[in-house]
Amino acid sequence: MPKNRTMQFAFRRLAIIVLAAVSFGLPASAHITFENKEVKPGATVKFVLRVPHGCDGATTTAVRIALPASLSDAKPQPKPGWTLSLVTENVQNAVATPGHDHGVAGDIKEIAWTGGRLEDAHYDEFIFRAAVSKAASGRIFVPVVQQCDGGTARWIEIPTDGGSSDDLKYPAPSVRVEP
């Protein structure tokens, strides 16, 4: 084998070994995340929640989210094959806006898509729209519970002051509030 060809073979082999080592050494990109990385205070935003897999190989059968106080006027998108349910909180002294009564008595606090089947080998997105508080700053964390056949993944961990989501095993998905 010519010297040049031997070097190419050795380089390719080394590249494969390094790639394998890096792939196995890093945690899988397994977290539930938002497609949006940033939002603006006062904006109405379409939030796209990405669910990359099931729970430890099991099929996902429900996705439930808890909306923080910094998100209001939520409106979830139904998904074919899934049942959509909402938990609302009655808003005291709410003023009805003419033409905007959508049949929800109060502000939505939780959204759940249940009864569907997302196989572990597949990926899906769950979508809702919400208004970001004008006073929002920093990061907005949205806890998610992913229910699967035989188990549950609770993506609810929120970093403490100064902490990073990278240090958490089950971080809640978040978006950064852009000033």
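Fair warning: this is a prediction, and the values are worked out from it, not measured in the lab. (Residues numbered from 1 in each chain as written. Predicted model: local features only at pLDDT ≥ 70, side-chain atom pairs only at ≥ 80, totals over all residues. Heavy atoms only, no water.)

**Q** Account for the pairing of strand 11 (residues 151–155), with residues named and values stated.
**A** Relative to strand 11, strand 10 (residues 144–148) runs antiparallel, the two being bridged by 5 bridges. By the bridge assignment, Gln146 is partnered in strand 11 with Ala153. Here strand 10 folds back onto strand 11 in antiparallel fashion, the turn holding 2 residues, of which Gly150 has a positive phi close to 80°. (Pairing = 2+ DSSP bridges. Helix = DSSP H or I, 4+ residues; strand = E, 2+ residues; numbered from the N terminus.)

**Q** Any details on the packing of aromatic side chains? Residues and values, ideally.
**A** Applying the stated criterion across every chain, the model contains 6 aromatic pairs. Taken together, a centroid distance of 5.5 Å and an interplanar angle of 65° make the contact between Phe34 and Phe47 edge-to-face. Of the two residues, Phe34 is situated in strand 1 (residues 33–34) and Phe47 in strand 3 (residues 44–51); the sequence distance between them amounts to 13 residues. Summarising the burial analysis for this pair, Phe34 and Phe47 share the class buried. Seen from their ring centres, Trp155 and Tyr170 are 5.1 Å apart, and the 70° between their planes marks the pair as edge-to-face. Here Trp155 is found in strand 11, whereas its partner Tyr170 is found in the loop between strand 11 and strand 12 (174–177), with 15 residues between them in sequence. Among the residues examined, Trp155 registers a relative accessible area of 4% and is labelled buried. (Phe/Tyr/Trp six-rings, centres within 6.5 Å; stacked < 30°, edge-to-face > 60°. Buried < 20%, exposed > 50% of the residue type's maximum accessible area, 1.4 Å probe, protein only.)

**Q** Tell me about the sheet that holds strand 2 (residues 38–39), and please be specific about residues and values.
**A** The strand order 2-12-9 describes an open sheet built from 3 strands, whose pairing is mixed. Two strands bound the open sheet, and with one partner strand each, they are strand 2 and strand 9 (139–141). As paired elements, strand 9 and strand 12 share 3 bridges and run antiparallel to each other. Each bridged residue has a counterpart across the sheet, and for Phe141 the counterpart in strand 12 is Ser174.

**Q** Can you break down unusual backbone geometry residue by residue, with the values?
**A** With phi around 50°, Asp56 is a residue other than glycine that occupies positive phi space. Among the structural elements, Asp56 can be located in the loop between strand 3 and strand 4 (60–66). Despite not being glycine, Asp73 has its phi angle at roughly 50°, a positive value. Note that Asp73 resides in strand 5 (residues 71–76). Take Asp73: its relative accessible area is 54%, and that puts it in the exposed class.

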